[in-house]
Structure formats: C-alpha cells, structure tokens
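# Notes for the structure review
If you want the building blocks of each chain, they are given just below.
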Amino acid sequence: MKYVDEYRDREAARNFARAIARITTRPWAIMEVCGGQTHSIVKFGIDELLPKEITLLHGPGCPVCVTPLELIDKATQIAARPEVIFCSFGDMLRVPGSSIDLFSVKAKSGDVRIVYSPTDALKIAQENPGKQVVFFAVGFETTAPANAMAVYQAKAQGLRNFSVLVSHVLVPPAIEAILSAPDNRTQGFLAAGHVCTVMGYEEYIPLAQKYHVPIVVTGFEPLDILQGIYMCVRQLEEGRAEVENQYLRAVRRKGNVPAQELVTKVFCVVPRKWRGVGEIPQSGLGLRHEYAEFDAEQRFGVAAYTAEEDSECISGEVLRGVKKPHECSAFGNRCTPEHPLGATMVSNEGACAAYYRYRRFEQRVAAATKSES
Ligand code: SF4
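Residues numbered from 1 in each chain as written. Predicted model: local features only at pLDDT ≥ 70, side-chain atom pairs only at ≥ 80, totals over all residues. Heavy atoms only, no water.

## Some thoughts on the overall build of the protein
When its secondary structure is counted, the protein shows 16 helices and 11 strands. What you see for the protein is a C-alpha radius of gyration of 21 Å, in line with the 21 Å of a compact globule of 373 residues. Expressed as lengths along the three principal axes of its C-alpha atoms, the size of the protein is roughly 65 × 50 × 45 Å. Of all 373 residues assigned to the protein, the portion counted as buried reaches 54%. Surface summary for the protein: the accessible area is close to 16,300 Å², and the carbon and sulfur share equals 53%. (Helix = DSSP H or I, 4+ residues; strand = E, 2+ residues; numbered from the N terminus. Rg over C-alpha atoms; globule rule 2.2 N^0.38 Å. Buried < 20%, exposed > 50% of the residue type's maximum accessible area, 1.4 Å probe, protein only. Areas by Shrake-Rupley, 256 points an atom, 1.4 Å probe, with all protein chains shown as cover.)

Encoded structure:
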C-alpha cells in the first residue's frame, strides 16, 4: 500500500537501528508524544531494535486518555437526560467515569450514538429538531478544526438544539509541564506529526531553546519513528537542541493556516485539567464568548461539577513518562481492557492498552523467571 509498505520495510528498519547504534555513545531518554507512535513502537518492537542506551518514554498524546474524569462524568450526566441525543467517537464510550461510562448510559436506554465526525452530529441535530444534540468534542489540535467548523456552521444555520462538550487539549503546554516537573526524565521529544500538520512547528522552537531539548516532528510508521529517533539522538550527541522535521511528506513549518484561523475564530486558549496529571495552565481550548450558547456545560448546568480520580490508577505517571504501564500493580489483573480502571487501558492509543495487547505475555514470563531465580 502506497505510503505504508515502504515505511515498514524490515531491512531499512535494521539499517536505521544500526545507524542509531553507531552514533550512540551514552544513555538517552526520548519521549514519543503521541499514543499512535507508542502503539507503533510496541506493536513493531521498535524499542527492542534500539541500543540498550536508548530508553523510549511514552507521552501524553492520547486524547481519550487525558480527558479528565469530571468531563466523563459530565458526559454521562448529560447523556442520561431524556431530551438528549449524545454523540461521541466510539473510543470514548468505555472510558470509566466515577461510577458509570457512556456505554452503561446507552444500555440504560440513554440515546448515545457513535459518530465519525462532528458534522454527523450536526446532521442529527438538523434531523431531530425536538431533541438536544450534544457532541463530545475531545482531542488535540488535530481534531479542533473540524469541531470548530461544526460550531461555526451551527451558528450560521441558527441551530438552537446543538451544543458541544469541549475537552480540547494542546501539545506544547503539556511538553512544558513534563520538562518543568522535578521528576522529568525526558531529554528529547518526537513530536506528533498529525498535530503539526495542522499547527506547523514554530511554537516548539521556544521550548527547545528554553529547556535545551531536541524536538523532532515525527510520523507514525516504523521507519518514520526510527528516523525520528536517529535525528533526535544525533542532536543529543552533538549537544544541539533544535526543532527538526522528519515528517516532511505531511508537515510544513507554518502548518495549515486556514484551519488555524478557523480554530482561533471559534475557540480560545484556556486552562485545562488532564486526567491523572491535573490542571496545566493555558493547555486547552474552550469556546469563545461569541459561541458560548453552544457550550453544553452551561446549557445543562454541569459546569461546576468536579470529581476525584481513583488513586490506584497511576496513568498520570504513565502519561508523563515517569513509569511504564507494567509497573502499575493493577496492570493485567485488576485492570484489563474488559475492566479498565483508567483511560490509558481503554483507548486505542493508550500506552497501557498497547502493553496489554502486545507485551503482556512477555512480561508474565519475565516476572515468572524473576520470581524463580
Ligand atoms: S494499568 Fe490500568 S490502573 Fe494501571 S495505570 Fe494503566 S489504566 Fe491505570
């Protein structure tokens, strides 16, 4: 398949791994920001190809994982209302709230529908004028333009029965939060290619300079990731801290400017809570005053609701690269994809789900061997 097979070539991957080994002289810890990259790394065993000096840390770039518990609770409260049709991407339905998830609301006769874009939700609102249609607008900068367009169109059409429950998050403030934490281990980043397709990469330059870390905009296929690691290690070994672009086939320095303008028209930057991490200043998007009438939190009176997170789940440490999923005592026993305690075990991009899907048997063997010796 064009643009897939050529980025999964085994021999080219081995050559990249050998090239990384040749330039590596000491230990380095590199974080891949995006959960899609984490899944590629674990699925294809990219970390196992690398020299032992290179540690890959898994970052916070999974929108489902970082959506705060209280937003899930707000979603379930709104979705349970008889006048509401609640629309969401499918992977949000099994994310556990404090006591219930959206699937359970659906099972108890709530009208919860899986959609593939916010435009689908807009159409449902047009077709159901007697219902309140709410779209769960989650994601990083990548999904913000489509969500902004839905709100913009709803206003233009005077649609009174459409609103959005917004939980948008931004990558650069999360990188800054990781770098400024006292327990930070990350020395270089692979930035998420799809986010930079929209936003470009100029906003990473001050971060690279302030914290003296290389940041390499990287794609998602195995060879993309290996090349991104190579570029990052080369900078680290040479003492450079620059922003470089591995994902040249998709990312331009300034990104998609019309998409950015649309996002800025509808959304403004706000503080945002990240699940397991807490509030990060200026790390999210909220609706601008001009579009406040489409804010589902206000419309359904749930804005003031707060919730405490489960203390057993260490997903915050996993999302900041401080711990790996199998270091959680609940991993694979009390927490599985069928009975998740945290969102990182639910999402297709969650690090815990990746380790469960591709590594859990290896880890059981390693644990058994350790206990026998
Ligand atoms: S294994 Fe489960 S409980 Fe542990 S960090 Fe991951 S999601 Fe949380």
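Moving on, there is more to tell.
## Some words on the sheet that holds strand β6 (residues 162-169)
Ordered by their spatial adjacency, 6 strands build an open sheet running β4-β3-β5-β6-β11-β10, and the pairing between neighbours is mixed. Because the sheet does not close on itself, it has two edges, and the strands there are β4 (111-114) and β10 (267-274). Sheet twist, expressed as the average angle between the axes of neighbouring strands with direction ignored, equals 25 degrees. Relative to β4, strand β3 (residues 84-88) is paired through 4 bridges, and the arrangement is parallel. Of the residues in β4, the one forming a bridge with Ile85 is Asp111. Contacts from helix α5 (residues 69-79) reach β3, β4, β5 (132-139), β6 and β10, with the element oriented near 165 degrees to β6. Most of the contacts of helix α8 (residues 144-156) go to β6, to which it runs at about 155 degrees, and overall it touches β5, β6, β10 and β11 (278-287). (Pairing = 2+ DSSP bridges. Axes fitted to C-alpha atoms, helices over the stretch in contact; angles between N-to-C directions. Contact = heavy atoms within 4.5 Å.)

## Considering the sheet that holds strand β1 (residues 28-34)
Through backbone hydrogen bonds, the strands of a sheet pair up, either in parallel or in antiparallel fashion. Taken together, the 5 strands give an open sheet; going across it, the order is β2-β1-β7-β8-β9, and neighbouring strands pair in parallel fashion. Pairing within the sheet leaves two strands with one partner each, and these edge strands are β2 (54-61) and β9 (243-245). On average, each strand axis in the sheet is tilted by 25 degrees relative to the strand beside it, whichever way the strands run. Pairing analysis gives 4 bridges linking strand β7 (residues 188-192) to strand β8 (residues 215-218), with the strands arranged parallel. Looking at the pairing, Ala191 lines up with Val217 of β8.

## Here we look at the pairing of β5
Each regular strand carries side chains that alternate between the two faces of the sheet. The element β5 is extensively covered by neighbouring structure, given that 7 of its 8 residues are classed as buried. In this sheet, β5 lies alongside β3 in parallel orientation, the contact comprising 4 bridges. Directly across from Ile85, in β5, lies its bridge partner Val133. Relative to β6, β5 is paired through 7 bridges, and the arrangement is parallel.

## Some points on the packing of aromatic side chains
Think of a pair of aromatic rings as described by two things: how far the centres are apart, and how the planes are tilted against each other in angle. Taken as a whole and assessed by the stated rule, the structure comprises 5 aromatic pairs. Between Phe89 and Phe135, the ring centres sit 5.5 Å apart and the planes meet at 85 degrees, which makes this aromatic pair edge-to-face. One end of the pair, Phe89, is in the loop between β3 and α6 (102-107); the other, Phe135, is in strand β5, with 46 residues separating them in the sequence. For Phe135, a relative accessible area of 0% corresponds to the buried category. Ring plane angle 80 degrees and centroid distance 6.0 Å describe the contact between Phe220 and Tyr247, whose orientation is recorded as edge-to-face. Of this pair, Phe220 sits in the loop between β8 and α12 (222-238) while Tyr247 sits in the loop between β9 and α13 (257-266), and the two are 27 residues apart along the sequence. Lying across the ring of Tyr291, Lys155 places its NZ or CZ 5.4 Å from the centre. (Phe/Tyr/Trp six-rings, centres within 6.5 Å; stacked < 30°, edge-to-face > 60°. Lys NZ or Arg CZ within 6 Å of the ring centre and 35° of its normal.)

## A few points about the packing of α8 against α13
It is the contact of α8 with α13, at a shortest axis distance of 8 Å, that shows an interaxial angle of 55 degrees. With respect to each other, α8 and α13 are oriented oblique. For the pair α8 and α13, the sense of crossing is left-handed. Taking contact as the criterion, the partners of Ala144, Pro145, Ala148, Met149, Val151 and Tyr152 in α8 are, on α13, Ala259, Leu262, Val263, Lys265 and Val266. Looking at the contact of α8 with α13, its residues break down into 10 nonpolar, no polar and 1 charged. (Parallel < 35°, antiparallel > 145°, perpendicular 65-115°, else oblique. Left-handed = near helix turned anticlockwise from the far one by under 90°. Nonpolar A, V, L, I, M, F, W, Y, C, P; charged D, E, K, R; others polar.)

## Regarding helix α1 (residues 10-23)
Because each turn of an α-helix spans 3.6 residues, side chains separated by three or four positions end up pointing in the same direction. An ideal rise of 1.5 Å per residue puts 20 Å on 14 residues; α1 measures up with 20 Å between its terminal C-alpha atoms. Among all positions of α1, only Ala13, Ala17, Ala19 and Ile20 are buried. Taken down its axis, α1 places every buried residue within 160 degrees of arc, on the same side. Buried positions along α1 lie against α3 (46-49), β2 and α12. Where α1 starts, the residue carrying a side-chain oxygen 3.3 Å from the main-chain nitrogen of Glu11 turns out to be Asp9. (Expected span 1.5 Å × (residues − 1). Arc of directions from axis to C-beta. Polar contact = N/O pair within 3.5 Å; in protein donor to acceptor, adjacent residues only side chain to side chain.)

## A short note on the domain arrangement of the protein
It is common to report an interface's size as the accessible area lost on association of the parts. With domains assigned, the protein is organised as domain 1 (1-314) and domain 2 (315-372). Put simply, the middle of domain 1 and the middle of domain 2, counted by C-alpha atoms, are 20 Å apart. On the side of domain 2, 35 residues touch domain 1, which itself brings 38 residues to the contact. Taking both sides of the interface into account, the surface hidden between domain 1 and domain 2 amounts to around 3,000 Å²; carbon and sulfur atoms contribute 57%. Along the contact surface separating domain 1 from domain 2 lie 4 salt bridges. (Domains from an automatic or database assignment. Buried area = accessible area lost by both parts, 1.4 Å probe. Salt bridge = Lys/Arg side-chain N within 4 Å of Asp/Glu carboxyl O.)

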